[in-house]
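Summary of structural features
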Amino acid sequence: MDGKRWWLGAVVFGAVAAAAMTIGLLGAERPREAPTVAATPAVTAASIPPTSAEPPPEPVPEPAATPVPNEPGDLAALAEGIDVGVVVRDLDSGDDLASFNPDQEFDSASLVKILIALDALENGREPDATIVHMLSTSDDDEASRMWSDGGGGRIVSRWAKLVGLAGTSPPEDPDHWGDTPTTATDVAAVYRYLLKAPGGPVVLDGLDRMADFGADGFDQRFGIPVAAGARRWAVKQGWSCCAGHRTLHSTGLVGSDHRYVVVVLTGQPVETPVPEARARVTRIVENVLSGR
């Protein structure tokens, strides 16, 4: 090959190689295309399909339970191992809806404060506010003063005769008003009497205003105040310990117009813890108010 032909071949080869290199570089610098993403339509109130579901109905509150007659066996099971006296009376009909050992004797504990209050009111020895406070807080100091001012056991004798309390009498020790013996039958008679007695409205005001805790710090929220639920109540509780047993009572009027007398008296073993004793009284009251 002569020099001219060789020179032309070299020029042609160089041009081809340069073109190929340029194409390669252009291909390497070309940016990759981002993957295509389908557009998501905006969600609006108009785009939500209507629903045919109805809103849940408003709950209808159940009516408060009314006491119904109890079978003696129900109370016998709850009374196992303790002394229990029960009377539940419908004052409209005069019928006893529950009755269990109604004439068994119990220490009255603070229940006798109702008689102390009636006596003080009748003789004008105390203002109404003092009576209400003594009953609502079950204040022992105020009760002791009124007991002494009224002649001690004379109060019990007089009111037992006036109301017709066959199983209630003064305590053997005149200084211990809480030892006054009484029965469920007699306590029920006292509540019935309160609804017509001259001093009844003041006493009932005190029972309507029962404080959560007594003046001695004892929690009064057991028995009727717990079991009655939303029903109206006026209550006098009783508690004492430990002369051979633990006394714990829940008594009062329950329902509109104070229709039902509820009396639950208990004497429980001294070793029974207070929370357990209180819970047992509450279960008994729940039973006699609900029927099951």
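Residues numbered from 1 in each chain as written. Predicted model: local features only at pLDDT ≥ 70, side-chain atom pairs only at ≥ 80, totals over all residues. Heavy atoms only, no water.

1. Some words on the nonpolar core
Residues Val203 and Leu207 are the most contacted members of the largest nonpolar core, which totals 43 residues. Among the secondary structure elements, those contributing two or more residues to this core are helix H3 (113-122), helix H4 (128-137), helix H5 (140-149), helix H6 (153-163), helix H7 (184-194), helix H8 (200-208) and strand S7 (260-268). Looking at which element gives the most residues to this core, the answer is H7, with eight residues. Those residues in contact with leucine 207 that sit more than four places away from it in its chain are Ile114, Leu135, Tyr191, Leu194, Trp233, Ala234, Val235 and Lys236. In this structure, Ala79, Val88, Ala98 and Met210 belong to the second largest nonpolar core, which totals 29 residues. (Core = buried A, V, L, I, M, F, W, Y, C linked by side-chain atoms within 4.5 Å. Buried < 20%, exposed > 50% of the residue type's maximum accessible area, 1.4 Å probe, protein only. Helix = DSSP H or I, 4+ residues; strand = E, 2+ residues; numbered from the N terminus. Contact = heavy atoms within 4.5 Å.)

2. Quick word on H8
Since there are 3.6 residues in each turn of an α-helix, residues three or four apart along the chain are aligned in direction. Buried residues of H8: Gly200, Val202, Val203, Leu204, Gly206 and Leu207, and no others. Its buried side turned inward, H8 meets H3, H4, H7, strand S5 (233-240) and strand S6 (246-254).

3. Examining the layout of surface pockets
Empty space left among the atoms is revealed by rolling a probe the size of a water molecule over them. Of the voids in this model, the largest pocket is the one considered here, and its volume is about 260 Å³. Lining the largest pocket we find 16 residues, and of these Ala109, Gly178, Trp239, Ser240 and Cys241 sit closest to its centre. For the lining of the largest pocket, a count of residues per class yields six nonpolar, five polar and five charged. By volume, the second largest pocket is sized at about 170 Å³. Every residue along the wall of the second largest pocket is listed here: Glu105, Phe106, Asp107, Pro170, Pro171, Glu172, Asp173, Asp179, Pro181 and His245. (1 Å grid on protein atoms, 1.4 Å probe; cavity = no way out; pocket = protein on both sides within 12 Å on 5 of 7 lines; lining within 4 Å. Points joined across faces, edges and corners; volume = space filled by probe spheres on them. Nonpolar A, V, L, I, M, F, W, Y, C, P; charged D, E, K, R; others polar.)

4. Overview of unusual backbone geometry
For the peptide bond that leads from cysteine 241 to cysteine 242, omega is 20°, which places it in the cis range. Assignment of secondary structure puts cysteine 242 in the loop between S5 and S6. In the Ramachandran plot, alanine 109 falls in the positive-phi region, its phi being about 50° despite a non-glycine side chain. Its location among the elements puts alanine 109 in the loop between strand S3 (106-107) and H3. With a phi close to 50°, serine 138 is a non-glycine residue in the positive phi region. Looking at the secondary structure, you find serine 138 in the loop between H4 and H5. Of the residues examined, serine 138 reaches a relative accessible area of 2% and is grouped as buried.

5. A look at the pattern of salt bridges
Applying the stated criterion across every chain yields a total of 14 salt bridges. For arginine 259, the salt bridge goes to aspartate 92, with nearest N and O atoms at 3.4 Å. Pair noted here: arginine 259 is in the loop between S6 and S7 and aspartate 92 is in the loop between strand S1 (83-90) and strand S2 (96-100), with a separation of 167 residues, a long-range link. Here arginine 221 ties to aspartate 219 by a salt bridge, and the two come within 2.9 Å at their closest N and O atoms. The class for arginine 221 is partly exposed, based on a relative accessible area of 36%. Among the residues examined, aspartate 219 registers a relative accessible area of 19% and is labelled buried. Each of Asp119, Glu122, Arg125, Arg154 and Arg158 takes part in salt bridges that share partners, so that together they form one network. (Salt bridge = Lys/Arg side-chain N within 4 Å of Asp/Glu carboxyl O.)

6. Description of the environment of glycine 206
Relative to the helices and strands, glycine 206 is located in helix H8. Along the primary structure glycine 206 and isoleucine 114 are separated by 92 residues, whereas in three dimensions their C-alpha atoms are 9.7 Å apart. Not counting residues within four places of it along the chain, the set of residues in contact with glycine 206 comprises Val132, Leu135 and Ser136.

7. Notes on a negative patch on the surface
Together, Glu172, Asp173, Asp175 and Asp179 give the surface a local cluster of negative charge. Residue position: aspartate 173 is located in the loop between H6 and strand S4 (181-182). (Patch = residues over 30% accessible without salt bridge, like charges linked within 9 Å, V, L, I, M, F, W, Y side chains within 5 Å. Areas by Shrake-Rupley, 256 points an atom, 1.4 Å probe, with all protein chains shown as cover. Lys, Arg positive; Asp, Glu negative; His and termini not counted. Charge placed at Lys NZ, Arg CZ, Asp CG, Glu CD.)

8. With respect to empty space enclosed by the protein
In this structure the tally under the stated criterion is one cavity of 30 Å³ or more. Roughly 130 Å³ of volume is contained in the largest cavity. Lining the largest cavity are 14 residues, and of these Leu111, Val112, Thr182, Val187 and Val190 sit closest to its centre. Put simply, the parts of the chain that give the lining of the largest cavity at least two residues each are H3 and H7. With four residues, the top contributor of residues to the lining of the largest cavity is H7.

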